[in-house]
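# Coordinate inspection notes
Below, each chain spelled out in residue letters.
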Amino acid sequence: MKEQNNFWAHNLKFLRNRKKMTQDDLAAALQFTRTKLKALETGATRNPPLEDQVLISDFFKVDIDTFVRLDLSQLGELHLRELEAGDMSYVTGKKMRVLATTITPDNKEQVEMVSHSVQAGYTAGYADPDYISSLPVFHMPQLPADRKFRMFPVKGESMLPVPEGAYVIVEYIQDWSTLKDGTPCVVITKNEGIVFKIVYNRIQQHGQLHLVSLNPLFKPYDLPVSEVLEMWKYNSYWTNTELSPQADMEAILQALGKLDTKVDLLLREE
């Protein structure tokens, strides 16, 4: 297992192999001895001198902080090239995204509803103002006026006690790096469509999210952040059945509490 939050040795070997270089080749390019390079790759040198870190960072065009904190082997070739070009926005989730939205005549945000019948087209139309303006809208004065909310349908039974057929009301997340572990979120993905899961933030360490269902019959899985289009944080849910919002939230919090121990055990095995 790699040392938590320090991928220096692992990334050095990965980047060398990616360039199809032998240890002798890279040692010569860096003017190191092969013994010194081997010690760096195996982690025998636990705290490389800063000058060596700078030299290696410059050679591979990957900044030192990324070298230490991110498992580069989890990234695709396109994103590795973006990293080498100095673009960290997809890793941190800090890239400014233009959110298509609708407002009332007096400039107040409305809550768009992505219905079951149109959700399949959301991944293609999420950034299209025409598509978003075609969605049904609601004004919910009880929601904070300075945040953006949307409604998405729940499919399947992976997030019980939130039932299939319900709509979750969610808040838009601009900066994914701020997401706290254990946050229920609607995640808009390139290939899986709209998913509603408990999210554990592994962007800094692995460039991915760890997604967990409340229903233990559904196994957790990892999702590369490069597959994510949007993220929305859970606020509440609505169904055609008359329910108490307070009871709904209590049920979810109880389910989350039961989930904590299981998730902790799973994460320790990583």
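Residues numbered from 1 in each chain as written. Predicted model: local features only at pLDDT ≥ 70, side-chain atom pairs only at ≥ 80, totals over all residues. Heavy atoms only, no water.

- The chain has the name Helix-turn-helix domain-containing protein in an unreviewed UniProt entry, where Chitinophaga oryzae is given as its organism.

### Describing the environment of Pro161
- Within the element layout of this structure, Pro161 appears in the loop between β3 (149-153) and β4 (167-172).
- Residues Pro161 and Asn215, spaced 54 residues apart in sequence, show a C-alpha to C-alpha distance of 8.3 Å. (Helix = DSSP H or I, 4+ residues; strand = E, 2+ residues; numbered from the N terminus.)

### A closer look at helix α3 (residues 34-42)
- Listing the buried residues of α3 in full gives Leu37, Ala39, Leu40 and Glu41.
- On its buried face, α3 is in contact with α1 (8-18), α2 (23-30) and α4 (50-60).
- Immediately downstream of α3, the backbone of Gly43 shows phi near 85°, a positive value. (Buried < 20%, exposed > 50% of the residue type's maximum accessible area, 1.4 Å probe, protein only. Contact = heavy atoms within 4.5 Å.)

### A closer look at the packing of aromatic side chains
- In total, this model carries 10 aromatic pairs according to the counting rule given.
- By the ring-pair criterion, three or more aromatic residues cluster together here, those being Tyr122, Tyr126, Tyr131, Phe152, Tyr172 and Trp232.
- Positioned above the aromatic ring of Phe32, the side-chain terminus of Lys36 is 4.2 Å from the ring centre. (Phe/Tyr/Trp six-rings, centres within 6.5 Å; stacked < 30°, edge-to-face > 60°. Lys NZ or Arg CZ within 6 Å of the ring centre and 35° of its normal.)

### Let's talk about the sheet that holds β3
- Spatially, the nine strands line up as an open sheet ordered β2-β1-β3-β4-β9-β5-β6-β7-β8, and their pairing is mixed. The sheet is open, and its two borders are formed by β2 (137-138) and β8 (221-224), each paired with just one other strand.
- Where strand β7 (residues 208-212) and β8 come together, four bridges link them in antiparallel fashion. Opposite Leu211, over in β8, you have Tyr221 as the bridge partner. (Pairing = 2+ DSSP bridges.)

### A closer look at the nonpolar core
- Residues Tyr122, Phe152, Val168, Val186, Ile188, Phe196 and Trp232 are the most contacted members of the largest nonpolar core, which totals 27 residues.
- Residue contacts for Ile188: discarding those within four places in its chain leaves Tyr122, Thr123, Phe152, Gly193, Ile194, Glu227, Val228, Leu229, Glu230 and Trp232.
- Trp8, Val62, Leu80 and Leu83 belong to the second-largest nonpolar core, a separate cluster that totals 18 residues. (Core = buried A, V, L, I, M, F, W, Y, C linked by side-chain atoms within 4.5 Å.)

### Re the environment of Gln208
- Among the secondary structure elements, Gln208 is positioned in strand β7.
- Separated by 137 residues in the primary sequence, Gln208 and Asp71 have C-alpha atoms spaced 9.9 Å apart.
- Filtering out sequence-adjacent residues up to four positions away, Gln208 remains in contact with Gln74, Asn201, Arg202, Ile203, Asp222, Leu223, Pro224 and Val225.

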